[in-house]
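Residues per chain, in single letters:
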Amino acid sequence: MLKKLQAIGLCMVLTILSGCWSSRELTDMAIATALGIDKEGDRIKVTVQVINPSENAGQSFTSRTAVTTFTTTGDTLFESLRRLTTLTPRKLYLSHIRIIIFGEEYAKQGIADSLDFISRDHEMRTDFHFAIARGYGAQDIVNILTPIEKIPANKIFSTLESSQDFWAPTKVVQLDELISSMTSKGKEAVLTELLILGDLNKGSNIENVQSVPSYTSIKSSGLGVFHNEKLVGWLDENESRGFNMITDNVHDTVGVVPCGNKGNLTIEAYKNSTEMKGSIRGDTPNITVNFTAEANLADISCTIDFTKQKTIKKYEEKLAEEAKNVMKDSLEKARDLEADIFGFGELLSKSNPKKWKKIEEEWANIFVNDLNVDFKADVNIRRTGTTTQPFLDNISKKKQEE
Amino acid sequence: MIEKGKIDARQFTILVVMYTLGTSIIAIPSTTASYAQENAWITVLLTSLIGLLIVFLLNQVNKINHHKNIFELFEYVFGKWVGKGITVFFLLFVFIVAGKNLRQIGDFMTTHVLVETPIQVIMLIFVLTSLYGVKLGLEVISRTGEIFFPYAFFSLVLMIIFVAPQAEFKNIQPIMVNNTEGAFLTIFPTLGTPYFELVVFLAILPYVNRIGPGKKSFYIGVGIGSLLLFAVTLMSLLVLGPDFSARNVYPTYILGKKISGVQFLERIEILVAIAWFFTIFFKITINFYVLSLGMSHLFNLKTTKVLSTPLAFLLIIAGLYLAPNLIAYQNFLAHDLAPFAGTFGILLPFILILTARLRKINKKKKKRRKNKRF
């Protein structure tokens, strides 16, 4: 009897254990890859880029686009996202978001109100990137189709990562870093800008990916500077590189200096590191930024003799000087914008916590006027690529002989 | 004796490690960092040292009589009726702790993993599994512990290794300059879970087959558990920063979400959840077991099995009614639990030892007098 009861009990358990409580199959989900957030009056306008599954997985593709976008407005981000269900065929699934884009106007008014939802919602992870649409609304960027990468969000994601790694004018910023630099007293946030090149209206059409040069493309080459939660200005490409050099965020970059009578010398700096030290002597805060790079010769378009150590030394110094200038420009721009994006204040608060408390309140003022920043740079040329002496020299000699 | 099983010292160590980690592992960075900020790791370090002192105290209690569990000790030391009275209060304490653990796993699951599932279902599934364990007895619980311990242990260690490349040392600088008061003030609430709750092991310690290694393994268990708590707190501070650790309800899980680097090793935060499921399962089971053991002593029953089934359902109710919402629950953990648990985890053992000393001295004196007479 007991055995029978047990068997019946087990069978009943089986009916419950057959699946998850609130399981949702892949076919019931709309997988979001990018979010664009804009302001429309007092309300928040959200644009979501959703994967069109049949165009991304499967044997035969039709002429439909790989992604679709939906736009709606609401008083808060969450409200607008839920209102999207009136437009989308399925409920949005946010765990696969790769990038969140803020429109310029929205960023100028402050992005904090949407960050709370992003950090509170359980579907949101922390591994996506943030960017600002410069000169456009976020909606415009989210709507653009891109070649090579079928899903535009993936294109932006990998553009940001590869340009940070090989050229260094952009910075990949994730949620935890963004929030902590907004709340920290001695640091301001930066976010990468996204630009639209070409004709905006053609970008959302499938023809954009059907022609060899796309009509419209998305470019990222600079940083937006925040003061607290508000966007206050922009760093151009070089200033952004300076920023990355100061904050030790350069993985691999390129340096160019003029050489000889005419022409340029280009190096690939492949091992970069920056050490920042802060101290407060008396009442004046001091920061030393020490940048070191190891480089290879990459591209020489002038006629100089590279077999001599002297020449190498000379250009190492020139390159170091150039690096210093880039960093200085970046600092000047940050001072103009009154935003301590380098985290100098945070550095001082770690190295001299007691003295920092005294100057904490006036930090914005001190950063612009009194802070003394010393830049040091050291570039070492290690190898010359696969060749040694440039052949341009021989060509010019030949010309002279003729 | 109601429990006839015997466990060995290694099994006891594993139970203690599981108990120390359960509940704490996922919440400790948040509770400590909210007051101590960048010094939270120091708080955890100091707390675990005090934790070892608590183990010393508990071992002293056990010394009164090696063969008696805590409920028998109550009656042995305080006499039958006072002892039974104290047993009632002690059981109430264990009951609330077990309900609290059940609530915690429910809250975690409904926040992060199974959002739409009712909390009652999750609690029911957990408590039924524990009930099965309790019915099978201490020996089975301990052997299950041996099986699951490696999973829990290694998934935590793996997580710590995987997030280590993202650690930034500047997150915990300056060390002990700001928030120093916070670092010391947080020690007390942190002691509440798990160190004050370790007192329930006094009900299990007598069943360890050899008493000397049993005591040693108590230290080792708390040591290993504390070390992991410390490592996870430190990593959470180094990787997420004190501010982000404090703001998240379950920072350890967020830490798991940060694992990425090698491309295929992404989205494995469930590692953390698995480690936590196992540890908290044993925490609930041990509390539940001690609860039903105590009940049997209280009512002079011959086995622990009779009352365990109704208790299981009461535990769910206790968990649900403990707090109306997460904020109230967190406040309960931060402010009320430590003094409550401390009463039973520190004060009661002290009183036990003191009373035992006083009465034993009297007995010895009596004996001597008797000897003289003869």
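The model shown is predicted, which means the values in this text are computed figures rather than measured ones.

### Quick look at the UniProt feature "domain: Spore germination GerAC-like C-terminal" (unreviewed entry) in chain A
On the UniProt side, "domain: Spore germination GerAC-like C-terminal" (unreviewed entry) is annotated at positions that read residues 221-385 of chain A here. Within the segment residues 221-385 of chain A, helix and strand shares are 37% and 39% respectively, and the terminal C-alpha atoms sit 27 Å apart.

### So, the confidence of the model for chain A
With 98% of its residues at a pLDDT of 70 or more, chain A shows a mean pLDDT of 87. The spread of mean pLDDT over the elements of chain A runs between helix H2 (residues 53-56) of chain A, the lowest at 76, and strand S5 (residues 99-103) of chain A, the highest at 94.

### Re the pairing of strand S2 (residues 43-51) of chain A
Residue and element names in this part refer to chain A. Counted residue by residue, S2 has seven buried out of nine residues, so it is predominantly covered. Note: strand S1 (residues 29-40) against S2, eight bridges, orientation antiparallel. Bridging from a neighbouring strand, Leu35 pairs with Val48 of S2. With antiparallel pairing between neighbouring strands as the criterion, S1 and S2 make up a hairpin whose turn holds two residues, including Gly41 at a positive phi of roughly 65°. Relative to strand S3 (residues 67-74), S2 runs antiparallel, the two being bridged by eight bridges. Bridge assignment links Thr47 to a residue of S3, and that residue is Thr71.

### So, the interface of chain B and chain A
Every contact between the two is made by 23 residues of chain B and, on the other side, 19 residues of chain A. Roughly 2000 Å² is buried in total at the junction of chain B and chain A, and carbon and sulfur atoms are behind 49% of that figure. Between the two partners, chain B and chain A, sit two salt bridges. Note that Lys258 of chain B and Asp176 of chain A form a salt bridge whose closest N and O atoms lie 2.8 Å from each other. Counting the contacts that link chain B with chain A gives seven residue pairs in polar contact (both at pLDDT 80 or more). For the side of chain B that touches chain A, the elements supplying multiple residues, two or more each, are helix H5 (80-113), helix H10 (211-240), helix H11 (242-247) and helix H12 (251-257) of chain B. Take the side of chain B that touches chain A: its biggest share by element is three residues, from H11 of chain B. Grouping the amino acids of the side of chain B that touches chain A by side-chain chemistry returns nine nonpolar, six polar and eight charged.

### Considering a nonpolar patch on the surface
Nonpolar side chains collect at one region of the surface, where Met1, Leu2, Leu5, Ile8 and Met12 of chain A lie side by side and expose about 610 Å² of accessible area between them. Take Leu5 of chain A: it is sitting in helix H1 (residues 2-17).

### Thoughts on the state of the cysteines
Residue and element names in this part refer to chain A. One pass over the full model with this rule turns up one disulfide over all chains. There is a disulfide in this structure between Cys259 and Cys302, and the S-S distance comes to 1.8 Å. Of note, the bridge from Cys259 to Cys302 carries an S-S torsion of about -105° and is left-handed in sense. Remark: Cys302 occurs in the loop between strand S13 (284-300) and helix H12 (309-337) and Cys259 occurs in the loop between strand S11 (253-258) and strand S12 (264-281); sequence separation between them is 43 residues. Taking the relative accessible area as the measure of exposure, Cys259 reaches 1% and is therefore buried. The class for Cys302 is buried, based on a relative accessible area of 3%.

### Some thoughts on unusual backbone geometry
All names here are of chain B. The linkage connecting Gln173 with the following residue, Pro174, adopts the cis geometry, with an omega of -10°. Position of Pro174 relative to the elements: it lies in the loop between helix H7 (138-163) and helix H8 (180-185). Backbone geometry at Thr23 places phi at a positive 60°, although glycine is not the residue there. Its location among the elements puts Thr23 in the loop between helix H1 (9-21) and helix H2 (24-36). For Thr23, a relative accessible area of 2% gives the class buried.

### Details of the side chain of Thr253 of chain A
All names here are of chain A. Checked against the element boundaries, Thr253 lands in strand S11. A polar atom in the side chain of Thr253 sits 3.4 Å from the side chain of Arg241. Not counting residues up to four positions away in its chain, the partners in contact with Thr253 are Phe166, Trp167, Ala168, Arg241, Ile267, Glu268, Ala269 and Asn272.

### Brief notes about H1 of chain B
All names here are of chain B. An ideal rise of 1.5 Å per residue puts 18 Å on 13 residues; H1 measures up with 19 Å between its terminal C-alpha atoms. Where burial is concerned, most of H1 is hidden: twelve out of the 13 residues are buried. Burial in H1 covers these residues: Ala9, Gln11, Phe12, Thr13, Ile14, Leu15, Val16, Val17, Met18, Tyr19, Thr20 and Leu21. For H1, the elements touching its buried residues are H2, H5, H7, H10 and helix H13 (270-298). A positive backbone phi angle near 60° is found at Thr23, which sits one or two residues after H1.

### Thoughts on the confidence of the model for chain B
Averaged over all residues, the pLDDT of chain B is 88; the fraction at 70 or higher stands at 95%. Averaged pLDDT values over the elements of chain B bottom out at 79 in helix H15 (residues 326-373) of chain B and peak at 93 in H1 of chain B.

### Focus: helix H8 (residues 175-183) of chain A
What H8 of chain A keeps buried is the set Leu175, Asp176, Leu178, Ile179, Ser181 and Met182 of chain A. Elements that come into contact with the buried residues of H8 of chain A comprise helix H5 (112-120), strand S6 (129-133), strand S7 (190-198) and strand S9 (223-227) of chain A together with H10 and H11 of chain B.

### Let's talk about the pairing of S1 of chain A
Residues and elements named next belong to chain A. Counting buried positions along S1 yields ten of twelve residues, so the element is predominantly enclosed. The pairing of S1 with strand S4 (residues 91-93) spans three bridges and is classified as parallel. Along S4, the bridge assignment pairs Ala30 with Leu92. As paired strands, S1 and S5 are joined by four bridges and run parallel to one another.

Procedures and definitions
Residues numbered from 1 in each chain as written. Chains lettered and ligands numbered in written order. Predicted model: local features only at pLDDT ≥ 70, side-chain atom pairs only at ≥ 80, totals over all residues. Heavy atoms only, no water. UniProt positions renumbered as here; feature names shortened; annotations may be inferred. Helix = DSSP H or I, 4+ residues; strand = E, 2+ residues; numbered from the N terminus. pLDDT = per-residue confidence, 0-100. Buried < 20%, exposed > 50% of the residue type's maximum accessible area, 1.4 Å probe, protein only. Pairing = 2+ DSSP bridges. Contact = heavy atoms within 4.5 Å. Buried area = accessible area lost by both parts, 1.4 Å probe. Salt bridge = Lys/Arg side-chain N within 4 Å of Asp/Glu carboxyl O. Polar contact = N/O pair within 3.5 Å; in protein donor to acceptor, adjacent residues only side chain to side chain. Nonpolar A, V, L, I, M, F, W, Y, C, P; charged D, E, K, R; others polar. Patch = residues over 30% accessible without salt bridge, like charges linked within 9 Å, V, L, I, M, F, W, Y side chains within 5 Å. Areas by Shrake-Rupley, 256 points an atom, 1.4 Å probe, with all protein chains shown as cover. Disulfide = S-S within 2.5 Å. Expected span 1.5 Å × (residues − 1).

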